[in-house]
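Structural overview
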Amino acid sequence: MSDPITTNDRTARVERTTRESSITVELNLDGTGRTDISTGIPFYDHMLTALGQHGSFDLTVHAKGDVEIDAHHTVEDTAIVLGQAFHQAIGDKRGIRRFGDSFIPMDETLAHASVDVSGRPYFVHTGEPDYLVHSVIGGYPGVPYATVINKHVFESFAFHARIALHVRVLYGRDPHHITEAEFKAVARALREAVEPDPRVTGVPSTKGML
């Protein structure tokens, strides 16, 4: 496993290899939403593409994992590496808004995400219908995405990004819409949180650091 490589222009490249997966993530927080996503799990590719586009991040994710067993390892490990890349790219957090908040409607679904780029990892996830524990999207043919992992994806990302992230589903019916609305809400909240604030010249904290 190699160490993350960062520059001063809010970009990062992180590589992580285990016996279960090999992941490379490249992230530019000041991008335009260009994405290049390949995880071997089509629906997860769709969600990460939405994350990059709606966050206006340039995002490359190349992942190879033991999907012949299950998608879980690849999905989880990608979320870990994405979180590491976010943490590295954000740098010292000078001049950012720090907080972000977004409601996303998707047909019958409404999802909400709030972010604090606090340096203190925390995650809260509420409101998903119980049947998402058993729902599967895609896989006909291809590798299916089990929506039970939604919580674990956001939790893994939040802890490795070192942010406080709250995600909730206010209502919804379709597992596809619910999951996609959550990813888009997180993307928009992150976009707002990392945007430069013209009224802030230092680190937005009474502590002087985040």
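These numbers come from a predicted model, not from an experiment. (Residues numbered from 1 in each chain as written. Predicted model: local features only at pLDDT ≥ 70, side-chain atom pairs only at ≥ 80, totals over all residues. Heavy atoms only, no water.)

**Considerations on the environment of V14**
Selection rule: Helix and strand labels come from DSSP, where a helix needs a run of H or I of at least four residues and a strand needs a run of E of at least two; each type is numbered from the N terminus.
With respect to the helices and strands, V14 occurs in strand β2 (residues 11-17). It is 32 Å that separates the C-alpha atoms of V14 and R199, two residues lying 185 residues apart in sequence.

**Looking at helix α1 (residues 42-55)**
Cut-off, in case you're wondering: Here, expected helix span is obtained from the residue count minus one, scaled by 1.5 Å. Relative accessible area decides the class of each residue, using a 1.4 Å probe on protein chains only: under 20% of the type maximum gives buried, over 50% gives exposed, and in between gives partly exposed.
The terminal C-alpha atoms of α1 lie 20 Å apart, and with 14 residues this matches the ideal 20 Å at 1.5 Å per residue to within 8%. F43, Y44, D45, M47, L48, A50, L51, G52 and G55 are the residues of α1 that are buried. The first or second residue beyond α1 is S56, which carries a positive phi of 55°.

**Describing the packing of aromatic side chains**
The condition that has to hold: For Phe, Tyr and Trp, rings pair up if their centres lie within 6.5 Å, where Trp contributes its six-membered ring, and each pair is then called stacked (planes under 30 degrees apart), edge-to-face (over 60) or tilted (otherwise).
Tallied over the entire structure, the rule returns 4 aromatic pairs. Between F43 and Y145, the ring centres sit 5.2 Å apart and the planes meet at 55°, which makes this aromatic pair tilted. Here Y145 lies in strand β10 (residues 145-146) and F43 lies in helix α1, a separation of 102 residues in the sequence. Taken as a pair, F43 and Y145 share a single burial class, namely buried.

**Some remarks on the nonpolar core**
Selection rule: As used in this record, nonpolar core signifies buried Ala, Val, Leu, Ile, Met, Phe, Trp, Tyr and Cys residues forming a set joined through side-chain atoms within 4.5 Å. The criterion used for residue contact is that any of the two residues' heavy atoms lie within 4.5 Å.
Y44, F86, Y145, I163 and L165 are the most contacted members of the largest nonpolar core, which totals 55 residues. Looking at this core element by element, the count peaks at 9 residues for helix α4 (residues 175-194). Excluding its chain neighbours within four sequence positions, the residues that come into contact with I163 are F86, V115, D116, V117, S118, R120, P121, Y122, F157, A158 and L190.

**Description of the side chain of S118**
Defined as follows: Any pair of nitrogen or oxygen atoms within 3.5 Å is treated as a polar contact; in protein, a donor-acceptor pairing is required on top of that, and neighbouring residues in sequence qualify only through side-chain atoms on both sides.
Within the secondary structure, S118 is located in the loop between β7 (109-116) and β8 (122-126). A polar contact of 3.0 Å, which involves the side chain of S118, links it to the backbone nitrogen of R120. In this structure S118 touches R98, R162, I163, A164 and L210, once residues within four positions along its chain are discounted.

**A look at the packing of α1 against helix α2 (residues 72-90)**
To be explicit about the condition: Axes, fitted as lines to C-alpha atoms, cover a helix only where it is in contact. Angles between the N-to-C directions of the axes lie from 0 to 180 degrees. For this classification, under 35 degrees means roughly parallel, over 145 means roughly antiparallel, 65 to 115 means roughly perpendicular, and everything else is oblique. It is the rotation of the near helix from the far one that decides the hand of a crossing: anticlockwise by less than a right angle makes it left-handed, clockwise makes it right-handed. Residues are grouped as follows: Ala, Val, Leu, Ile, Met, Phe, Trp, Tyr, Cys and Pro are nonpolar; Asp, Glu, Lys and Arg are charged; all remaining types, including Gly, are polar.
For the pair α1 and α2, the least separation of the axes is 12 Å and the interaxial angle reads 15°. Between α1 and α2, the interaxial angle falls into the category roughly parallel. In this structure, α1 meets α2 at a crossing whose hand is right-handed. Contacts from Y44, L48 and L51 of α1 reach α2 at T74, V75, T78, A79 and L82. A class-by-class count of the residues in the contact of α1 with α2 yields 6 nonpolar, 2 polar and no charged.

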